[in-house]
Amino acid sequence: MATFADPDEDLVRRVGQGDPAAIQAMVARKLPRMLALAQRMLGDPVEAEDVAQEAMVRAWRQAPRWVPGRARFDTWLHRVALNLCYDRLRRRREVPTDALPDRRDEGPAPDRGLLAADVGTAVNGALARLPDRQREAIVLCHYQDLSNIEAAGLMEISIEALESLLSRGRRALRLALAEHRPDAEGV
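Given the structure is predicted, the values throughout are model-derived calculations rather than measurements.

J.: Looking at this structure, how should I read helix α3 (residues 45-62)?
T.: Each α-helix turn comprises 3.6 residues. Residues three or four places apart therefore point the same way. In this model α3 runs 25 Å from its N-terminal to its C-terminal C-alpha over 18 residues, within 8% of the 26 Å that 1.5 Å per residue would give. Where α3 begins, the capping side chain belongs to D44, and its oxygen is found 2.9 Å from the backbone nitrogen of V46.

Listed below in structure tokens is the structure:
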């Protein structure tokens, strides 16, 4: 079994010992990334906050039992957050409803000067429509800044499979953005 240099090892040990400063440091260091991951995966800020908080609670509970050297703590925490996201996505699909979801007005915004916000909204919408595994690969590599090796390990797939998911996901995003906004072809 390979061992890994884990930059969080001391912090996790201190959290496991109940050190309040370490707990606060872990939340400050990890919560924003878990929140960003969940927001990208779920597209719902309220659900994302719930997932990020639950991931942090699980990290706090696991810290006393954490065995250094098996895997990086950050990788484990990402997997916990992704699993929580997938649980919520499955529940969404399982809830039958006759009502159509509310849609936001796709017309031009009154404040057209906020083009960056419009593009961000279009990207988030296109990202939300990707198949789960493609979205996961793109979020991990492009938004969570994980290397392809780290993302492939986290997703439990080969690097080649990850690169294939990334390629298909990027292509789908380009097409979706080109359809959404004719001037977005260079995006």
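Continuing now.
J.: Hey, could you run me through the packing of helix α1 (residues 9-16) against helix α2 (residues 20-42) in this one?
T.: Two quantities define a packed helix pair, namely the angle between the helix axes and the distance between the axes. One way to put it is that α1 packs onto α2 with a least axis distance of 8 Å and a crossing angle of 130 degrees. Comparing their axes, α2 and α1 come out oblique. Crossing angle aside, the handedness with which α1 passes α2 is left-handed. The segment α1 lies against α2, with L11, V12, R14 and V15 engaging A21, A22, I23, A25, M26 and R29. Per-class residue counts for the contact of α1 with α2 are 8 nonpolar, no polar and 2 charged.

J.: What exactly am I supposed to notice about the packing of aromatic side chains here?
T.: Each aromatic ring pair is summarised here by two numbers: the centre-to-centre distance and the angle between the ring planes. Per the stated rule, a full pass over the model turns up 3 aromatic pairs. For the ring pair W66 and F73, a centre distance of 5.0 Å and an interplane angle of 85 degrees mean the geometry is edge-to-face. Classification of W66 as buried rests on a relative accessible area of 15%.

J.: Just checking my understanding: could you explain the pattern of salt bridges for this structure?
T.: Charged atoms that come close allow side chains of opposite charge to pair. Enumeration according to the criterion identifies 14 salt bridges in this entry. Residues D8 and K30 are paired through a salt bridge, measuring 2.7 Å at the closest nitrogen-oxygen approach. Of this pair, D8 sits in the segment before α1 while K30 sits in helix α2, and the two are 22 residues apart along the sequence. Neither residue differs from the other here; D8 and K30 are each classed as buried.

Calculation notes
- Residues numbered from 1 in each chain as written.
- Predicted model: local features only at pLDDT ≥ 70, side-chain atom pairs only at ≥ 80, totals over all residues.
- Heavy atoms only, no water.
- Helix = DSSP H or I, 4+ residues; strand = E, 2+ residues; numbered from the N terminus.
- Expected span 1.5 Å × (residues − 1).
- Polar contact = N/O pair within 3.5 Å; in protein donor to acceptor, adjacent residues only side chain to side chain.
- Axes fitted to C-alpha atoms, helices over the stretch in contact; angles between N-to-C directions.
- Parallel < 35°, antiparallel > 145°, perpendicular 65-115°, else oblique.
- Left-handed = near helix turned anticlockwise from the far one by under 90°.
- Contact = heavy atoms within 4.5 Å.
- Nonpolar A, V, L, I, M, F, W, Y, C, P; charged D, E, K, R; others polar.
- Phe/Tyr/Trp six-rings, centres within 6.5 Å; stacked < 30°, edge-to-face > 60°.
- Buried < 20%, exposed > 50% of the residue type's maximum accessible area, 1.4 Å probe, protein only.
- Salt bridge = Lys/Arg side-chain N within 4 Å of Asp/Glu carboxyl O.

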